[in-house]
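Inside the fold
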Amino acid sequence: MTFPILGGNGAVAGVAQANSLRFNDDDSAHLSRTPSSSSNRKTWTWSGWVKRSTLGTQQKFFVAGTSDSNRTMLYFETDDTLRVYFRASGIDYGRGTGSAVGQVSTAIFRDVSAYYHILISVDLTASDASSPLRADANRLKFYVNGIQQINDTSHTFANYSLTQNTDTLVNHTNEHSIGLQGSDNTGDFDGYMAEVHLVDGQALSPTDFGEFDSSSGIWKPKDYSGSYGTNGFKLNFSNSGSLGADSSGNGNNFTATNLASTDQTTDTPNNNFATLNSLDNYWANSTFSEGNCKMVTAGSGYGYPRSTMGVSSGKWYFEAKASNLSGNLFVGIVSTAGTGTEQEVGNKSNDYGYKFSSGAIRENTVETSYGDSLGTSDILGVGIDLDNNKLYFSKNGTWQNSANPETNTGGFSITAPSSTLLGEYFASASDINSNLSSTVELNFGNPSFSITSGNSDDNGYGNFEYAPPSGYLALCTQNLATELSPTIDDGSDYFNTVLYSGTSSAQSITGVGFQPDWVWMKSRNQAFSPQIADNVRGNTKYLSSNSTNAESTATNRITSFDSDGFSVGDAGGSVNGSGNNIVAWNWLGSNTTASNTDGTNASTVSANQTAGFSIVSYTRNSDSVTTVGHGLGKTPKVLIEKDRDTSGTNWAFITTAIDGTDDYSFLNTTNAFGATTANAFTTTTFRSSMGANQGDIISYVFAEIEGYSKFGSYTGNGSTDGTYIHTGFKPAWVMIKRTDSADNWIIFDNKRDSFNGVGRMVSANLSNGEYDDPTDNLDFVSNGFKLTTSNARDNASGGTYLYMAFAENPFSTSSGVPVTAR
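Residues numbered from 1 in each chain as written. Predicted model: local features only at pLDDT ≥ 70, side-chain atom pairs only at ≥ 80, totals over all residues. Heavy atoms only, no water.

1. Some points on the overall build of the chain
Summing up its helical and strand segments, the chain has 3 helices and 59 strands in all. The C-alpha radius of gyration computed for the chain amounts to 28 Å, which stays within 12% of the reference 28 Å derived for 822 residues, consistent with globular compactness. With respect to the three principal axes, the spread of C-alpha positions in the chain is 85 × 75 × 45 Å. The contacts in the chain between residues at least 6 apart in sequence include a share of 68% that link residues at least 24 apart. Element-wise, carbon and sulfur atoms account for 42% of the exposed surface of the chain, whose accessible area totals about 25,100 Å². For the chain, the distance from the average site of its 48 positive side-chain charges to the average site of its 79 negative ones is 4 Å. (Helix = DSSP H or I, 4+ residues; strand = E, 2+ residues; numbered from the N terminus. Rg over C-alpha atoms; globule rule 2.2 N^0.38 Å. Contact = heavy atoms within 4.5 Å. Areas by Shrake-Rupley, 256 points an atom, 1.4 Å probe, with all protein chains shown as cover. Lys, Arg positive; Asp, Glu negative; His and termini not counted. Charge placed at Lys NZ, Arg CZ, Asp CG, Glu CD.)

In structure tokens, the structure reads:
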């Protein structure tokens with residue numbers, strides 16, 4: 001299909017966001033404008049959608065002023081916090097004339113795979129003189145993804161309120177810059193911006209520019225319908241010949257510096273395209289640019305980064321163009337995570353790389369002749385057919401090996417994604433020369449190199465040099481929605497965390513959003529054992545995940561499972577003790593129980609096939625090998641079970657998530673994992689891990705659900721630039737356990753840490769209270785989680801780890817709403 005207009009791709013829900021502008025920090029790229037007259041300098045709103053590419057550097061995305069001592073600016077700091085800064089000669093903003101004042105976020109913004117919506121609302125005429133620490137401060141508010149950012153007292157600027165009726169440098173006759181401070185070319189932004197607004201004379205709210213999606217709860221764009229004032233503007237980057245054109249109607253156009261038509265992209269908050277993932281670059285040590293679409297491989301050692309999107313089904317297309325082939329370049333797909341410096345694309349089983357110098361395809365170090373070599377003027381096309389498990393390569397539009405991907409002929413056979421350890425494939429590139437570098441640009445539909453013809457996929461998405469084969473799609477969130485078809489748009493419909501304070505008096509705990517079937521709770525500030533209750537055993541029955549004790553009964557702990565949570569009695573202690581801060585994790589089963597005779601041992605089951613979770617109760621019979629029905633209708637990957645009757649018995653934890661075979665440990669211990677043949681999961685049954693006639697058993701069984709749950713393993717790297725784990729969703733809950741040596745089971749969630757860094761952890765196998773170190777753990781991001789610690793419990797160099805993760809939202813919902821960055 002010919003791509004007729006750059007920006008002609010469809011928008012979501014009627015919101016006209018067809019383009020973004022890509023800023024490359026190596027180019028000092030920016031937009032600038034100097035108003036001819038001043039207008040309202042006290043009251044204004046800035047709104048924009050921002051997708052980051054590089055982290056850890058100061059990056060200014062809006063500046064009004066002339067120098068460090070005279071400017072108002074919005075920027076990311078070197079620690080990846082977000083700051084709003086006011087300073088001007090002769091003006092006292094509340095800290096002394098000429099002093100800097102502003103706000104800085106407590107949250108850390110280190111997500112490079114999706115967009116943030118950032119809104120700054122300023123009204124220095126407001127009478128409220130309260131500190132910006134207060135949520136009701138009227139003079140300066142800033143929001144990310146519709147949520148107001150509130151400071152704490154540990155940060156610079158946090159204790160200063162802004163003086164009433166002072167002037168900012170916004171809407172004044174000084175330079176206004178997008179992308180860096182144009183007057184001194186400092187603080188270059190690196191990434192993408194879309195729908196940038198400045199509203200002169202109004203302090204607006206996020207709901208003027210966005211809204212929470214009704215089915216998923218994701219913050220998404222909506223069209224602003226108000227006025228802009230004298231110096232206001234709207235930059236939608238729809239005109240490739242005039243990238244700074246103002247579409248507000250005011251004609252407040254910006255001048256583009258070091259920006260070209262190739263910097264206009266269709267990667268937007270409505271349709272987020274894949275890039276290379278700079279969070280997944282530790283082993284590769286590559287250098288990224290052009291919005292993470294261009295990569296220079298490391299000059300010493302070699303490895304590979306992966307794309308920000310992985311795929312497990314469907315047909316997909318991307319292109320690659322090299323400008324330097326000194327390092328012997330490979331481009332292809334991988335289904336393993338880079339875990340060492342000598343792992344180029346094609347080094348491992350189920351990793352496939354096309355060798356530019358020879359045209360061979362490399363897999364598991366074996367090279368198979370396939371097509372022609374490519375030079376720096378050539379474009380490699382890659383067709384990934386995961387419906388028939390074939391891989392296709394083209395040179396300048398000609399499919400190699402006389403192949404035809406549209407008729408499924410001549411392709412290179414690959415392993416089905418479901419038979420790989422990760423269960424999906426990622427686009428990738430690397431070299432195979434430890435002393436020389438290669439330079440390559442990957443085009444997932446958002447090209448950083450010039451396109452002469454312009455072609456989109458069958459759905460009208462992407463901009464490619466050569467036409468994708470019929471049925472092959474660009475790697476973008478709109479296509480992920482239709483091809484991967486996530487069944488759960490809002491993870492909190494099936495799993496949710498609630499926090500509450502104990503009172504030692506009966507109370508109802510609400511906010512779960514459903515009637516839970518499994519509640520696992522832990523005291524955060526006192527040493528109480530984690531408590532587990534479920535609807536199959538009944539709300540009065542308790543087990544402790546750190547204990548070998550038999551089940552106990554109490555009528556005044558959880559007194560009922562309710563439509564929006566549960567009620568607790570006056571028992572106090574671990575579930576409702578006065579002064580006890582408690583976290584409760586809640587899973588939805590079926591809210592009913594049913595008999596199941598699929599196995600050799602009858603069971604009672606509360607199964608939720610949509611969420612891949614079932615609670616199974618059975619009495620172990622005398623057979624030496626017993627199978628038990630789980631009711632999920634698909635093969636599980638995790639089984640947790642406990643003898644209810646007998647004290648001194650461990651919690652068995654059986655999983656295939658580590659290496660594809662059955663492994664086991666105990667949830668109540670620090671033991672390393674070992675191999676076992678005690679299981680054998682099928683679509684209908686699991687094999688009991690308990691001994692014959694052992695008694696009444698309770699089991700919790702989990703199968704993976706696309707976009708909602710992921711159970712896998714990773715290898716640590718021992719660095720604060722830690723291992724990146726791709727889940728395909730924004731996590732709400734993660735549990736980690738080292739598998740090759742003894743360590744604790746540690747649990748993180750999105751309610752105890754509602755923003756990055758995520759540092760509050762509790763242990764499933766300990767009675768200890770919560771440990772909190774936000775600088776020494778991990779980040780939840782839009783498509784997985786990233787370790788930011790070198791601690792052996794979750795990121796020792798060469799250590800192997802199991803994880804279980806449940807989603808807040810999929811990376812793209814079933815209706816194509818992309819998740820926001822975290």
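Read on for the rest.
2. Description of the sheet that holds strand S22 (residues 329-334)
Read from one edge of the open sheet, 6 strands run S20-S30-S22-S23-S24-S25, paired in antiparallel fashion. Strands with a single pairing partner mark the edges of an open sheet, and in this sheet they are strand S20 (306-311) and strand S25 (366-368). When the angles between neighbouring strand axes are averaged without regard to direction, this sheet yields 25 degrees. Where S20 meets strand S30 (residues 425-431), 3 bridges bridge the pair, whose relative direction is antiparallel. Residue pairing across strands places valine 311 opposite tyrosine 425, the latter belonging to S30. (Pairing = 2+ DSSP bridges. Axes fitted to C-alpha atoms, helices over the stretch in contact; angles between N-to-C directions.)

3. A look at the side chain of serine 307
By secondary structure assignment, the location of serine 307 is in strand S20. Judged by its relative accessible area of 1%, serine 307 is buried. If near-sequence neighbours (up to four positions away) are discounted, serine 307 is found in contact with Thr275, Leu276, Asn277, Phe426, Ala427 and Phe444. (Buried < 20%, exposed > 50% of the residue type's maximum accessible area, 1.4 Å probe, protein only.)

4. Considering the pairing of strand S43 (residues 613-619)
The element S43 is extensively covered by neighbouring structure, given that 6 of its 7 residues are classed as buried. From the end of strand S42 (residues 603-608) to the start of S43, which pair antiparallel, there are 4 residues, and glycine 612 there has a positive phi angle of about 65 degrees.

5. With respect to the environment of isoleucine 640
Mapping isoleucine 640 onto the fold places it in strand S45 (residues 638-643). When the C-alpha atoms of isoleucine 640 and lysine 395 are compared, they prove to be 51 Å apart, with 245 residues separating the residues in sequence.

6. Some points on the nonpolar core
Judged by nonpolar contacts, the single largest core of 96 residues is most densely connected at Trp46, Ile178 and Val331. In this structure, tryptophan 46 is in contact with Phe61, Phe62, Leu74, Ile118, Leu119, Ile120, Ile178, Val196, His197 and Leu198, ignoring residues within four places of it in sequence. (Core = buried A, V, L, I, M, F, W, Y, C linked by side-chain atoms within 4.5 Å.)

7. Examining the pattern of salt bridges
Two side chains with opposite charge may pair up if their charged atoms get near one another. Taken as a whole and assessed by the stated rule, the structure comprises 27 salt bridges. Here lysine 234 and glutamate 195 are joined by a salt bridge, their closest N and O atoms 4.0 Å apart. Taken together, the residues span a long stretch of sequence, with lysine 234 in strand S15 (residues 233-235) and glutamate 195 in strand S12 (residues 191-200) at a distance of 39 residues. Residue classification places glutamate 195 among the buried positions, given a relative accessible area of 6%. Salt-bridge contacts for aspartate 753 lead to arginine 760; the nearest nitrogen and oxygen are separated by 2.7 Å. Residue classification places aspartate 753 among the buried residues on the basis of a relative accessible area of 4%. What you see here is one network of salt bridges that share partners, running through Arg524, Asp749, Arg752, Asp753, Arg760, Glu770 and Asp772. (Salt bridge = Lys/Arg side-chain N within 4 Å of Asp/Glu carboxyl O.)

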